[in-house]
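Each chain is listed here by its residues.
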Amino acid sequence: MASSHSSSPVPQGSSNDVFFKKEVDPSKHIQPVPSLPDVCPKEPTVTDQHRWTVYHSKVNLPAALNDPRLAKRESDFFTKTWGLDFVDTEVIPSFYLPQISKEHFTVYQQEISQREKIHERCKNICPPKDTFERTLLHTHDKSRTDLEQVPKIFMKPDFALDDSLTFNSVLPWSHFNTAGGKGNRDAASSKLLQEKLSHYLDIVEVNIAHQISLRSEAFFHAMTSQHELQDYLKKTSQAVKMLRDKIAQIDKVMCEGSLHILRLALTRNNCVKVYNKLKLMATVHQTQPTVQVLLSTSEFVGALDLIATTQEVLQQELQGIHSFRHLGSQLCELEKLIDKMMIAEFSTYSHSDLNRPLEDDCQVLEEERLVSLVFGLLKQRKLNFLEIYGEKMIITAKNIIKQVIVLADQMRMLNFPQWFELLKDIFSKFTIFLQRVKATLNIIHSVVLSVLDKNQRTRELEEISQQKNAAKDNTLDTEVAYLIHEGMFISDAFTEGELTPVAVDTTSQRNASPNSEPCSSDSVSEPECTTDSSSSKEQTASSAIPGGVDILVSEDMRLTDSELGKLANNIQELLYSASDICHDRAVKFLMSRAKDGFLEKLNSMEFITLSRLMETFIIDTEQICGRKSMSLLGALQSQANKFVNRFHEERKTKLSLLLDNERWKQADVPAEFQDLVDSISDGKIALPEKKSGATEERKPAEVLIVEGQQYAVVGTVLLLIRIILEYCQCVDNIPSVTTDMLTRLSDLLKYFNSRSCQLVLGAGALQVVGLKTITTKNLALSSRCLQLIVHYIPVIRAHFEARLPPKQYSMLRHFDHITKDYHDHIAEISAKLVAIMDSLFDKLLSKYEVKAPVPSACFRNICKQMTKMHEAIFDLLPEEQTQMLFLRINASYKLHLKKQLSHLNVINDGGPQNGLVTADVAFYTGNLQALKGLKDLDLNMAEIWEQKR
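Residues numbered from 1 in each chain as written. Predicted model: local features only at pLDDT ≥ 70, side-chain atom pairs only at ≥ 80, totals over all residues. Heavy atoms only, no water.

### Regarding the overall build of the protein
The condition that has to hold: Counting from the N terminus, the helices are DSSP H or I runs at least four residues long and the strands are E runs at least two residues long. Classification of residues uses two cut-offs on accessible area relative to the type maximum, computed with a 1.4 Å probe and protein chains only: under 20% is buried, over 50% is exposed, and between them is partly exposed. What makes two residues a contact is simply this: any of their non-hydrogen atoms within 4.5 Å. Accessibility throughout is a Shrake-Rupley quantity obtained with a 1.4 Å probe, and a residue counts as covered only by protein chains that appear here.
Summing up its helical and strand segments, the protein has 28 helices and six strands in all. Looking at the 949 residues of the protein, the share that counts as buried comes to 35%. Of all intrachain contacts in the protein linking residues separated by at least 6 positions in sequence, the fraction that spans at least 24 positions is 77%. Surface summary for the protein: the accessible area is close to 58800 Å², and the carbon and sulfur share equals 55%.

### Re the packing of aromatic side chains
The geometry of two aromatic rings is summed up by the distance between their centres and the angle between their planes. Note the threshold: Stacked, tilted and edge-to-face are the three classes applied to pairs of Phe, Tyr and Trp rings, where Trp contributes its six-membered ring and a pair requires centres within 6.5 Å; stacked means planes under 30 degrees apart, edge-to-face means over 60, and tilted covers the rest. Throughout this description, the term charge over a ring refers to an Arg CZ or Lys NZ atom that lies within 6 Å of the ring centre and within 35 degrees of the ring normal.
Enumeration over the complete set of coordinates arrives at 14 aromatic pairs. Seen in terms of ring centroids, Phe416 and Phe420 are 5.6 Å apart; in terms of plane orientation they differ by 35 degrees. Their pairing is tilted. With Phe416 and Phe420 both in helix α14 (residues 416-479) and four residues apart, the pair spans about one turn of that helix. Pair check on accessibility: Phe416 and Phe420 agree, each one buried. Between Phe607 and Phe643, the aromatic rings sit 4.2 Å apart at their centres with planes inclined by 5 degrees, giving stacked as the arrangement. Residue Phe607 is found in helix α18 (residues 604-625), and its partner Phe643 is found in helix α19 (residues 631-661); the two are separated by 36 residues along the sequence. Take Phe607 and Phe643: they sit in the same class, and that class is buried. Each residue in the set Phe841, Tyr848, Phe859, Tyr893 and Tyr924 is aromatic and connected to the rest through ring pairs, giving one cluster. The ring of Phe647 is capped by Arg651, whose NZ or CZ atom sits 3.6 Å from the centre of that ring. The ring of Tyr711 carries Arg784 above its face, with NZ or CZ at 3.8 Å from the centroid.

### Some details on the side chain of Thr776
Relative to the helices and strands, Thr776 is located in helix α24 (residues 776-801). On the basis of relative accessibility, which here comes to 16%, the residue Thr776 falls in the buried class. Among all residues touching Thr776, those that are not within four sequence positions of it are Leu833, Ile836, Met869, Ala872 and Ile873.

### So, the pattern of salt bridges
Our working rule: A side-chain nitrogen of Lys or Arg and a carboxyl oxygen of Asp or Glu constitute a salt bridge if their distance falls within 4 Å.
By the definition in use, this model includes eleven salt bridges. The shortest N-O distance in the salt bridge between Asp816 and Arg797 comes to 3.0 Å. One end of the pair, Asp816, is in helix α25 (residues 813-845); the other, Arg797, is in helix α24, and 19 residues separate them in sequence. The exposure class assigned to Asp816 is partly exposed, which follows from its relative accessible area of 43%. Here Lys820 ties to Asp824 by a salt bridge, and the two come within 3.3 Å at their closest N and O atoms. Taken as a pair, Lys820 and Asp824 lie in helix α25 at a separation of four residues, close to a single helical turn. Among the residues examined, Asp824 registers a relative accessible area of 35% and is labelled partly exposed. Members of the salt-bridge network, linked through shared partners, are Arg646, Glu650, Arg651 and Glu726.

### Side note on a nonpolar patch on the surface
Here is the rule: Patch criteria: residues need more than 30% relative accessible area and no salt bridge. Like-charged residues are merged within 9 Å; nonpolar side chains of Val, Leu, Ile, Met, Phe, Trp and Tyr are merged within 5 Å.
Together, Leu147, Met155, Val204, Ile208 and Ile212 make up an exposed nonpolar region whose accessible area comes to about 420 Å². The leading source of residues in the nonpolar patch is helix α6 (residues 183-214), at three residues. Assignment of secondary structure puts Met155 in the loop between α4 (129-147) and α5 (164-170).

### Comments concerning the confidence of the model for the protein
What counts is decided by this rule: Every residue carries a pLDDT, the predictor's confidence in it, which falls somewhere between 0 and 100.
Per-chain confidence: the protein averages 76 in pLDDT, with 75% of residues scoring 70 or above. Confidence drops under pLDDT 50 across residues 1-47; counting only partners more than four residues distant or on other chains, this segment forms 41 contacts. Considering only residues more than four positions removed or in separate chains, one finds that residues 478-544, a stretch of pLDDT under 50, has 113 contacts.

### Re the packing of α24 against helix α26 (residues 857-873)
The criterion, for reference: Angles shown run from 0 to 180 degrees and are taken between the N-to-C directions of axes, each axis being a line fitted to C-alpha atoms and, for helices, limited to the stretch in contact. With the far helix as reference, a near helix turned anticlockwise by less than a right angle produces a left-handed crossing, and one turned clockwise produces a right-handed crossing. Side-chain classes are defined by residue name, with Ala, Val, Leu, Ile, Met, Phe, Trp, Tyr, Cys and Pro counting as nonpolar, Asp, Glu, Lys and Arg as charged, and the others, Gly among them, as polar.
Contact pair α24 / α26: the axes reach a minimum separation of 9 Å and the direction vectors enclose 35 degrees. Our pair here, α24 against α26, has a crossing hand that is right-handed. Two secondary-structure elements touch here, α24 through Thr776, Lys777 and Ala780 and α26 through Met869, Ala872 and Ile873. Per-class residue counts for the contact of α24 with α26 are four nonpolar, one polar and one charged.

### A closer look at the side chain of Glu726
For Glu726, the position within the fold is in helix α21 (residues 715-733). Setting aside anything within four residues of it in sequence, one finds Glu726 in contact with Phe647, Arg651 and Leu687.

### Observations concerning the packing of α26 against helix α28 (residues 912-929)
Formally: Oblique is the label for any angle not under 35 degrees, not over 145, and not in the 65 to 115 range, which are roughly parallel, roughly antiparallel and roughly perpendicular in turn.
Axis separation between α26 and α28 bottoms out at 10 Å; the angle between their running directions is 15 degrees. The pairing of α26 with α28 is recorded here as roughly parallel in orientation. Here α26 runs over α28; the crossing is right-handed. Mapping the contact onto sequence places Phe859, Arg860, Ile862, Cys863 and Met866 in α26 and Asp920, Val921, Phe923, Tyr924, Asn927 and Leu928 in α28. Among the residues forming the contact of α26 with α28, the class breakdown is eight nonpolar, one polar and two charged.

### Details of the state of the cysteines
As a reminder of what qualifies: In plain terms, two cysteine sulfur atoms within 2.5 Å form what is called a disulfide here.
Here the structure, examined in full by the defined rule, presents zero disulfides. In this structure Cys858 is a free cysteine whose sulfur lies 9.4 Å from that of Cys863, the closest cysteine sulfur available.

### Overview of the environment of Val834
Note on placement: Val834 falls in helix α25. We classify Val834 as buried; its relative accessible area is 12%. Once residues lying within four places of it in the same chain are set aside, the contact partners of Val834 are Leu885, Arg888 and Ile889.

Structure below.
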């Protein structure tokens, strides 16, 4: 195989497969390695074609595709085996990849060329790594062989000849024993040992020298670098010395004078600050006497503000002053004393305000004093002052009752007008009392709200100031510089105009520093360092209370927004509690009089007057306090229920007595009852007012005229109508008893219906009143009375419906049931009248015989009874009802007559008997139609004959 070119890369036999580049000088190689033949010969070579070489090993696809001997790849390599799909196709450049040319690598080559030069220079200095490694490997193998001759004991790290065992093993004394004639042999042994050790030493020295020779270039290079470094250091030291000399000259000529001026200015400013600090100490020293003066005039807020300001000054600007070491604790004790004084003062104020004469027109007593106390209590978080005020309210409410009522026994001797005036006086005093409580609580509430509003505004201002400070810090960083000399700020070197905007912003930061002085060492003008106890440490804002008092809301209020909101709610609840207290005391006063049944004995007008007074008081207190108290309303409802029960029982008993004494005869109608009915027709469901003075007497009428209809009634029904109107008027006067009144009225109407049925239809009046019999006139009169009540039931229903809440409309069904019961009763009375005539027809017609004379005695008797019936009911019942009743009686008559004719075998054949019956029937018809109102009555007498089949 032909030899390869020496410039081609040759794979080495090492395990790392390192390749040498063509720039490596082969003379530097210790052991040149022959290169493999060139795999791509430029000239054709003659080889044995039958000889197998490594290039015939085509066992995988990469080996087949990378055959270097093939000048051109076979085009049918894939297609002959795998089909026509594998053909040469033109690869279209991707649209997403740019076209790369040499110009793209120009920048890279420029950057890397300098590094390549340095790399080549380093390679010339240092031998190639692989050559060095081969040299080391060869040398190492040789030195290892030599070193193996040296005993291992010399290689131990703990080798020391002072150890007896080590010394004996290196120099065995057995060779030096001079026993017998062996001296020459021992000498030879010693010489041999000496030579051996010398040989070991030579081997070690040779190896050391060899190692030094291998690293000689690096050693000499390090020594050369050390000399150069020493030269550089020498030159640098000289330059630094020259620079220091120049700086010293500049400092002496240009800086010492200026710095001296700055030090003097700084000293002056420090003296000013010491002076201001002494003035501040003098002011603080006067704190306790000033507080005593403020307390003597009850200026609690001012005293607390002064104490708070002094405490703040002691902690921030006078901290560590030995003379003031006890002042802080003394001020704390003084603050606790002020808390107790404020609570006692507020208790005294509450007692004076609530117990002053009720005739005083002033709503709030010493408003400025109250505002000052409330602000002081809020400042100290003493929120229990509302409890104190609540206790004073309870005591005052009791005292109001005691002032009105001197002796409880005397109150029981009072009649209703006297007792009513007493209750009215109590209600008026309670109203004034609640107005005063509301005015006082409004002042307290406004103070709380002003503090809450100030807290919110303070937070907003703080947020705005923080934003401004952040923006200002960004600008100051580029405009302001501090010169530092001896660890102290000397910004006072700037002009006063440049320092002004800076000093305000930086003072607080320097004061806050833990290592700074109480007043910073910066130069600050005198007004900026002076501390005023009323303005520098506590900012205040003026607010106006609705009462007209201007107050100062301090920013150091310790209450949160939630606490202030809860306190405002407690103030409103305290007002509600005041209303409840007044109502409770009024209920006790009311119940004390109701123990002997005094209230239950009141008549309707008296109770209505009392009810209206109590409702007025309830409405007034609701308007004052904003919430309706339920205790007095509950007591009123309880008394109203008792009144309704008594009211109903009285009228039910009265109605029962009237019914038991009623003889069921038509009564005359007095004019006042007619007026009463007329007022109902006009839409006024109320009792007419009694006209004062002389009135013209009018005669009673026989009937009651209602909307053009005449009603013949008994006296009980007239009184019942008046009673019904009393129920309706009671509902108007006392709306809270509407449902109870509806139930009671329904019971009353049902009672009248059932009791009248028992007395008339049930003939109970025979035993109760002693009537001999229940006549048709009694029955007709009872029916007409029921009809009158039925006529007014819809009016009553509408009256109650207008006053009932929508949820209770279902109670109106009672009137529907009552109407049905009344209609059923009226129908029963009509049936009873028909039944009376039916029994009469059955009795008379059962004896009827068809014979002369005509008319027969039977028919004369029937006509006589019909006439009596007509006379009894015609004046009582309307004409329409009379006609309907007689039609039903006529039907009964025809039924009995037909039955009797059938019994007698009399038929409509035109015979003599038929003629007699026809004559009798004609007589009956003529008499019946001759009665008043029955002229046009269709009797249809042809129904008495059996129909021919």
